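# A look at the structure
Below, each chain spelled out in residue letters.
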Amino acid sequence: MFPRRPPAALAAWLAGARGGGLLALLANQCRFVTGLRVRRAQQIAQLYGRLYSESSRRVLLGRLWRRLHGRPGHASVLMAALAGVFVWDEERIKEEELQRSINEMKRLEEMSNMFQSSGIRCHPPESKSQTEGNEDSEGKEQPWEMVMDKKHFKLWRRPITGTHLYQYRVFGTYTDVTPRQFFNVQLDTEYRKKWDALVIKLEVIERDVVSGSEVLHWVTHFPYPMYSRDYVYVRRYSVDQENNMMVLVSRAVEHPSVPESPEFVRVRSYESQMVIRPHKSFDENGFDYLLTYSDNPQTVFPRYCVSWMVSSGMPDFLEKLHTATLKAKNMEIKVKDYISAKPLEMSSEAKATAQSSERKNESSCGPAQIEYA
């Protein structure tokens, strides 16, 4: 019931409403209702935090996510943030992402074989998923530009449409280490702390039992006088015996247990895809690799300065990785065998669960963002 107003007061109130007062009242009411709902959600999260274990909360939140996902307001996102739970249904690396990287390697190999005899310089093929998605809104992808051309190391770059950043692609070959050794050294976080002097922190935050994806927190030094950067990213690796390939895909995510720190600059745009093709087998020396990456390091330097740092730093990083693999090969340092520690193929039940979840969320997934790890 509204309080009764004298005719003169009511007329003045209506006049004010016509001048914008009514909109202000509606805005205040919306803020009030929103505040009540947020407080209620926080109270529910605190209650469930006291009643249920962390694993139980994840199961409960997963069910709520599947029910609420896609509804106006993205209530599921708010629920996940308030409950402090990472929702794997949305963030895990999907089978399609792994296959897309493998297909890129196959296309590059086909083009290399085609032009090798003629001596024509081969450029990486355009990604179908990227060009098709950008033709209508932003035009076609920019062409690749050769930055470095050596016998066993080729580096290209191309501008990322609508930004001041570049995407980079490396195609290289090693003949003195095995694919398994090279792959394991990339994945072993404890070993990397020893051979990569730039690492401040590198640890696995959470693992997904369905797909084998992992969330990692990586803090690394940047050249003086820049602040150190930190990355929170999800990664997934796979060994494709049928196609004789190994693939590692990573991209940036947000995780509730790793809030942004004032000590570091958080890199939120980051993606890396590494594909390894053995010359013979996984345990014999010799392989080709394709590395595609980009990130936004949040610097104030001009584009050409950032490009120079990345273009010069990439060969240095890969050479450090190669040297670390040689040391592991010579048994100077023990490295975990990730391929043997994890089944090469998921169980049929787990694979069906993952594919089912991916189909449910396929329509809502945004385009993948894009660096190396």
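The protein chain carries the name StAR-related lipid transfer protein 7, mitochondrial in an unreviewed UniProt entry, which gives Prolemur simus as its organism. According to the UniProt record, the Subcellular location (unreviewed entry) comment for the protein chain reads "Mitochondrion".

Our focus in this paragraph is the confidence of the model for the protein chain. In this model, the protein chain carries an average pLDDT of 77, and 64% of its residues clear a pLDDT of 70 or more. Mean pLDDT across the elements of the protein chain ranges from a minimum in helix 6 (residues 128-134), with 44, to a maximum in strand 5 (residues 214-220), with 97. Confidence drops under a pLDDT of 50 for residues 343-350, and excluding neighbours within four residues, the segment shows 11 contacts in the predicted structure.

Looking at where arginine 157 falls in the secondary structure, it is placed in strand 2 (residues 153-159). Excluding residues within four positions of it along the chain, arginine 157 makes contact with Pro143, Trp144, Glu145, Val147, Tyr166, Gln167, Tyr168 and Ser307.

This part is about the pairing of strand 6 (residues 229-240). The element strand 6 is largely enclosed, with a buried count of 11 among its 12 residues. Of the pairings in the sheet, the one linking strand 5 to strand 6 comprises 7 bridges and is antiparallel in character. Across the sheet, the residue bridging to glutamate 214 is arginine 235, located in strand 6. Summarising the sheet, strand 6 and strand 8 (residues 265-267) pair through 3 bridges and their orientation is parallel. Among the inter-strand pairings, arginine 229 is bridged to a residue of strand 8, identified as valine 265. Once strand 6 ends, the chain turns through 4 residues before running back antiparallel as strand 7 (residues 245-252), passing asparagine 244 with a positive phi of about 55°.

Now for the pairing of strand 9 (residues 270-278). Within strand 9, 9 of the 9 residues are buried, which leaves it mostly tucked inside the rest of the structure. The two faces of strand 9 match: Tyr270, Ser272, Met274, Ile276 and Pro278 on one face and Glu271, Gln273, Val275 and Arg277 on the other face are all buried. For strand 7 and strand 9, the ladder comprises 6 bridges, and the chain directions are antiparallel. What sits directly across from methionine 246, in strand 9, is isoleucine 276. Across 9 bridges, strand 9 lies against strand 10 (residues 287-295) in antiparallel orientation. Residue pairing for strand 10: tyrosine 270 is matched across the bridge by aspartate 295.

Cut-offs applied
Residues numbered from 1 in each chain as written. Predicted model: local features only at pLDDT ≥ 70, side-chain atom pairs only at ≥ 80, totals over all residues. Heavy atoms only, no water. UniProt positions renumbered as here; feature names shortened; annotations may be inferred. pLDDT = per-residue confidence, 0-100. Helix = DSSP H or I, 4+ residues; strand = E, 2+ residues; numbered from the N terminus. Contact = heavy atoms within 4.5 Å. Buried < 20%, exposed > 50% of the residue type's maximum accessible area, 1.4 Å probe, protein only. Pairing = 2+ DSSP bridges.

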